[in-house]
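In case you want the letters, here they are:
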Amino acid sequence: MSDPCSTARLSLSCGVPREPAYASLAAALRAGFARAGGGGFVSIGPDGQQIRLAWQESADRALRLVAGLQARGFGPGDALLLQSGAAADLVTAVHAGILGGYCIIPCTTRPASALQPLCAAQFRRLCVIDAPELARLLTSPAPAADLPEDQGGAALRFAIPTSGTTGTARLVGLSDAAALARWWPVLPGPGGATGFLSWTAFDHVMGMGMAMPDLPLKLHLDTRRFISQPLTWLDALQQSGASHATMTSFGLSLLVKALAGSPERVWDLRQVQRIGIGAESVSRPMVEAALRALMPFGLREDAMIAGYGMTECGPVAGGGTPFLPGAGGDDSPPELDRPTAGHALRITGAAGEVLAEGETGAIEVRGPTMTSGYIGDPEANAALFTADGWLRTGDLGLLRDGRLTVTGRAKELIIVDAKKYTCQEIEACLRAATGLSEIYAVPLTPAQHQEQGGGLGAACALFVVCAKHEAPPDLARQLAAAMAAEFRFTPGRISQIAPGDLPRTGLGKLRRLALAESDSPNLMLALRAGRAAADGADTDQLSRIWREVLELGPGFDPEADFFLLGGTSLKALQLSAAVERIWGCQLNLQDFPDRFSLSDLGARIRGSDRAGEGGDEGLAARLRQLMADWPGRAALPDGLIRQLSPGDLPGRPERLFWCTQDATGAGMLRKYLARRLNSYVLRSGVYLFHYDSPQARAAARLYADEILRLAPEGPLILGGDCQGAMLIREILPLLRAAGRAVDLFIVADAHFQRLARDQAFDVPLVLLALAGSRFNPRRWFRDPEAGLRKYAPRGFMLRILPGTYAQTLAADHGARTADAILDAIGQARALQPAVDLPAPAPPASSFYQRRLRSRIRRLSLVAGQEYILPVSVRNRSELPWPAHAQSGLALGNHWLSPEGEILIWSDGHCPLPRLLAPHQSMGLRLMIRAPERPGPALLELDLAEEGLRWFAEVSGKALQIPVTILPRPQKAALPWYRRLLRRRRAVRGS
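The name an unreviewed UniProt entry gives the protein chain is AMP-binding protein, with Pseudogemmobacter faecipullorum as the organism.

See below:
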């Protein structure tokens, strides 16, 4: 029986608590008007004409509009259906709706008739406000508006039309409190954001946020103008000086394509702080492509952030972690962030149970921005909310350390042989395998599968977006072969579709399931017909088995691919079992990486096989091109490395080769270091290649050859920040193999575990960590040097610098980093090699097998109380555990909420006092301190290899003990006569 106190961490993550900044949305609006000054709203229409509306002017017009509505008998709780096409008029109407206590229904991109029947059934009175009606209401004689008392809380304030990816129109209700939490989550700060740019339609919930006067400037670019002329978005950013903007993956694709067609255009984007990517699934390659295109215009590399939310739930995760260039350029779903303030996320299984972290399941959310439900649709609301009040998003995802990764839509799963695939993972693999830029996978219903694909292949379809004349001549065969190689099945349908025929929402979001209704031809039918037309031999035993498994007729082509003929992984197992039974030959589908035909199978049985290989070229030319405008000069003719120092510096024999990501970092090195130290700069592989790839090794060889020519002797120092350190890691063994000693390796703000690869470095190492970076080991461990030393037995030093992630060589940190590099070089001379340090253990080794037990199964502690907890630690591995001084092993604890939310990350700390032999136990006493927040909590105990990992990361469950935290006792009041006596003594003493 498993220990009840030892459970896996649940997939539940909570943001920090948050109280509303205002009592109601109307109160927030009035506060925004009062602070407005000269600020306002600017709209750029379809024709490019700009109209400015001062916030205070909109407030005055809104009061007149409320007065006009009241004169017609409209009161709080009645609905306003907004149809005016002018953005400035819509902003005023929204302000009037909030101040007058109305429910606001934006309806600018669809006919009012589509919503009027639903609205009429749900609201006592409905006023349709188009441009003429707005003019009449504003000009009609009416007394001053008698504003109702603020109706905060549950009062219905917005009804947002939505169809999402399904095409079914609904009205999403937002209470006053939910709208307040979405658009006024905190009191605006004193500085920072200067303006916000958006091109989203006002029907969309993001469009409604543009009406809120929470910033000096809100700038709205008409959706039609952006889609027809995407570069006007950049014009608006530059001309307005806006610091923040919103964008979608679809919008980025338009922007990147337009930029490629206008290489002569230039913008200044240095003022842009953040661009939020949302409203649809985030494409990592598209964000990377946009960064590559926009960074030459001064856009910060950390400007783009992704979030997660829906019309129904609001922004529930993201906004804190930027996309960084080259941080993972594959097409896998990006890891977003933890929940935003006040929100919680959980991942549940088919039965509604909360899954363990790392498991994929349904994403459920709760928090202050949730919808009150679909208006007039109780059946849909029953499906939307769980019995305990969580909102079902319909998306699939997982949590890692509380951070959300969205993997797909629950209704967009493709199931083949009981195995589930998300459309996004299929699309990503096929884009990488074929080079096609836009592919969409869609599940088919059984009826659609039979009708469109004749029941052959898997119940899914692929749609390739391209004009007919642009399609590859062998499109279906190319895609089917790639899919067979990657997934071991082929789709029932492959079709071309023109870009303009894609079914999208008004915001450009793809309506994926509607693709299956496209009448474009199924190219798989012709492909399969051609494959089956040949006369195949059906005389021997192998071909008969092949035909029976695939349910083929007597005529088939022995060169036809198994999966193109309708094979699946389960049918492959049937075939494999028959082959092994008759010929004693074990089949492995990995032996057929390119194709799996009857001829291939026969060759495999006879002991034949095929192989292939590829190559890579042009890397040096590409690196040279990318570094052409970097500071300094090429250190060698046609070389890649650039020399930053003006020449050899007298009295400084050391040579520093530093690898960084961009020209900004190189400029900081030149400004603050080049005249103090012989300095050279290398470019990392950002945007070019992934590490541990053939291209990375090729770049390392090119750089190593140049370093050997530039510094054949003398003190040699290598260093790098972020991904630059990863490339230096590839260069080190090449220099060692050439007999060139390296005197010091400086690593700045890098993922140390990934860098070390569980192997010790043979050079002294200095780790420069930024205090606010997630790569700062002191954020996660009490004594990280104790564990990190064994990765640098020739000498190790850790320095913590101010700053956050990716700021090592930022403009306001360059001088401090340069000083730290020089200081590290000076101190490194005194570093002494360590002795008796164990070799690092890889995560998969038995080293991390342990068992933790305590005779204490439940605790009650007073808030802030210290307590010594006895814990038995058993080494269940086959390797000895050296004492803390050599291994960095220590017992520690976290404090969690009952749902798994982290309350205190690192509390107690008990170093391993002596060697613990394999299969032996040791008793430890851990001093813990209870959290200050009363209520139930979980005490989680685990071993840590300090600086590297907690054992639960690689070997399963930690020990958890339920704890009740009691409030601190109140001091008893003194009797009246004691208080009187104390006062008299105090008077006499004075």
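Enquirer: Describe the sheet that holds strand 24 (residues 491–497), naming the residues involved and giving the relevant values.
Expert: Taken together, the three strands give an open sheet; going across it, the order is 22-23-24, and neighbouring strands pair in mixed fashion. The sheet is open, and its two borders are formed by strand 22 (439–443) and strand 24, each paired with just one other strand. Adjacent strand axes in the sheet meet at a mean angle of 20°, parallel and antiparallel pairs treated alike. The sheet contact formed by strand 23 (residues 458–465) and strand 24 spans six bridges and is parallel. Each residue of the ladder has a partner; that of Val464, found in strand 24, is Gln496. Along the sheet, helix 13 (residues 423–434) contacts strand 22 and strand 23; its crossing angle with strand 22, the most-contacted strand, is approximately 145°.

Enquirer: An account of the packing of aromatic side chains is requested, with residue identities and associated values reported.
Expert: Overall, the coordinates contain 15 aromatic pairs when judged by the stated rule. Residues Tyr848 and Phe951 carry aromatic rings whose centres are separated by 5.0 Å and whose planes lie at 75° to one another, so their mutual orientation is edge-to-face. Of the two residues, Tyr848 is situated in the loop between helix 26 (814–828) and strand 33 (850–853) and Phe951 in the loop between strand 41 (949–950) and helix 28 (952–955); the sequence distance between them amounts to 103 residues. Judged by its relative accessible area of 0%, Tyr848 is buried. Relative to Phe951, the ring of Trp881 has its centre 5.7 Å away and its plane inclined at 90°; by these criteria the two rings are edge-to-face. Placement of the pair is Trp881 in the loop between strand 35 (866–875) and helix 27 (884–887) and Phe951 in the loop between strand 41 and helix 28, with a sequence separation of 70 residues. Judged by relative accessible area, which is 0%, Trp881 ranks as buried. Taken together, the ring pairs connect Phe745, Phe752, Phe761 and Tyr791 into an aromatic cluster. Over the aromatic face of Phe74 sits the side chain of Arg125, whose NZ or CZ is 4.1 Å from the ring centroid.

Enquirer: Could you give an account of helix 11 (residues 284–294), naming the residues involved and the relevant values?
Expert: Three or more residues of helix 11 are buried, namely Arg284, Val287, Glu288, Ala289, Ala290, Leu291 and Leu294. Those residues of helix 11 hidden inside the fold are in contact with helix 9 (232–240), helix 10 (249–260) and strand 13 (304–310).

Enquirer: How would you explain the sheet that holds strand 31 (residues 765–770) if you had to name every residue and give the values?
Expert: The eight strands are arranged 25-26-28-27-29-30-31-32 in an open sheet whose pairing can be described as mixed. Each edge of the sheet is formed by a strand with only one pairing partner; in this case those strands are strand 25 (633–634) and strand 32 (796–801). In the sheet, strand 31 pairs with strand 32 via six bridges, with the strands oriented parallel. Within the sheet, the bridge partner assigned to Leu765 lies in strand 32 and is Phe796. Sheet contacts for helix 23 (residues 723–737): strand 27 (655–660), strand 28 (678–683), strand 29 (716–721) and strand 30 (744–748); angle to strand 29, the most-contacted strand, approximately 150°. Lying over the sheet, helix 26 contacts strand 27, strand 29, strand 30, strand 31 and strand 32, oriented at roughly 160° with respect to strand 32.

Enquirer: I'd like to hear about the confidence of the model for the protein chain, residue by residue, with values.
Expert: For the protein chain, mean pLDDT is 82; residues scoring 70 or higher make up 85% of the total. Note on residues 530–539: pLDDT under 50 across the span, and 26 contacts to partners over four residues away in sequence or across chains. For the stretch residues 607–616, pLDDT sits under 50, and the model shows five contacts to residues farther than four places along the chain or on other chains.

Enquirer: An account of the packing of helix 21 (residues 663–672) against helix 26 is requested, with residue identities and associated values reported.
Expert: In the contact formed by helix 21 and helix 26, the axes pass within 9 Å of each other and the chain directions differ by 65°. Crossing handedness for the pair helix 21 and helix 26: right-handed. For the pair helix 21 and helix 26, contact is made by Met668, Leu669 and Tyr672 and by Gly814, Ala815, Ala818 and Ile821, respectively. For the contact of helix 21 with helix 26, the class distribution of residues is six nonpolar, one polar and no charged.

Enquirer: Which residues make up the pattern of salt bridges, and what values go with them?
Expert: All told, the structure shown has 26 salt bridges when counted by the stated rule. A salt bridge links Glu133 to Arg72, with the shortest nitrogen-to-oxygen separation between them at 2.2 Å. Of this pair, Glu133 sits in helix 5 (residues 131–139) while Arg72 sits in the loop between helix 2 (55–71) and strand 4 (79–82); the two residues are 61 residues apart in sequence, bridging distant segments of the chain. Residue class for Glu133 comes out buried when judged on its relative accessible area of 9%. By relative accessible area, Arg72 is classed as partly exposed at 36%. Residue Glu945 pairs with Lys790 through a salt bridge whose shortest N-O separation is 2.9 Å. Residue Glu945 is found in strand 40 (residues 935–945), and its partner Lys790 is found in the loop between helix 25 (784–788) and strand 32; the two are separated by 155 residues along the sequence. Residues Glu945 and Lys790 agree in their burial class; the two are buried. Members of the salt-bridge network, linked through shared partners, are Asp758, Lys790, Glu945 and Arg949.

Definitions and limits used
Residues numbered from 1 in each chain as written. Predicted model: local features only at pLDDT ≥ 70, side-chain atom pairs only at ≥ 80, totals over all residues. Heavy atoms only, no water. Pairing = 2+ DSSP bridges. Helix = DSSP H or I, 4+ residues; strand = E, 2+ residues; numbered from the N terminus. Axes fitted to C-alpha atoms, helices over the stretch in contact; angles between N-to-C directions. Contact = heavy atoms within 4.5 Å. Phe/Tyr/Trp six-rings, centres within 6.5 Å; stacked < 30°, edge-to-face > 60°. Buried < 20%, exposed > 50% of the residue type's maximum accessible area, 1.4 Å probe, protein only. Lys NZ or Arg CZ within 6 Å of the ring centre and 35° of its normal. pLDDT = per-residue confidence, 0-100. Left-handed = near helix turned anticlockwise from the far one by under 90°. Nonpolar A, V, L, I, M, F, W, Y, C, P; charged D, E, K, R; others polar. Salt bridge = Lys/Arg side-chain N within 4 Å of Asp/Glu carboxyl O.

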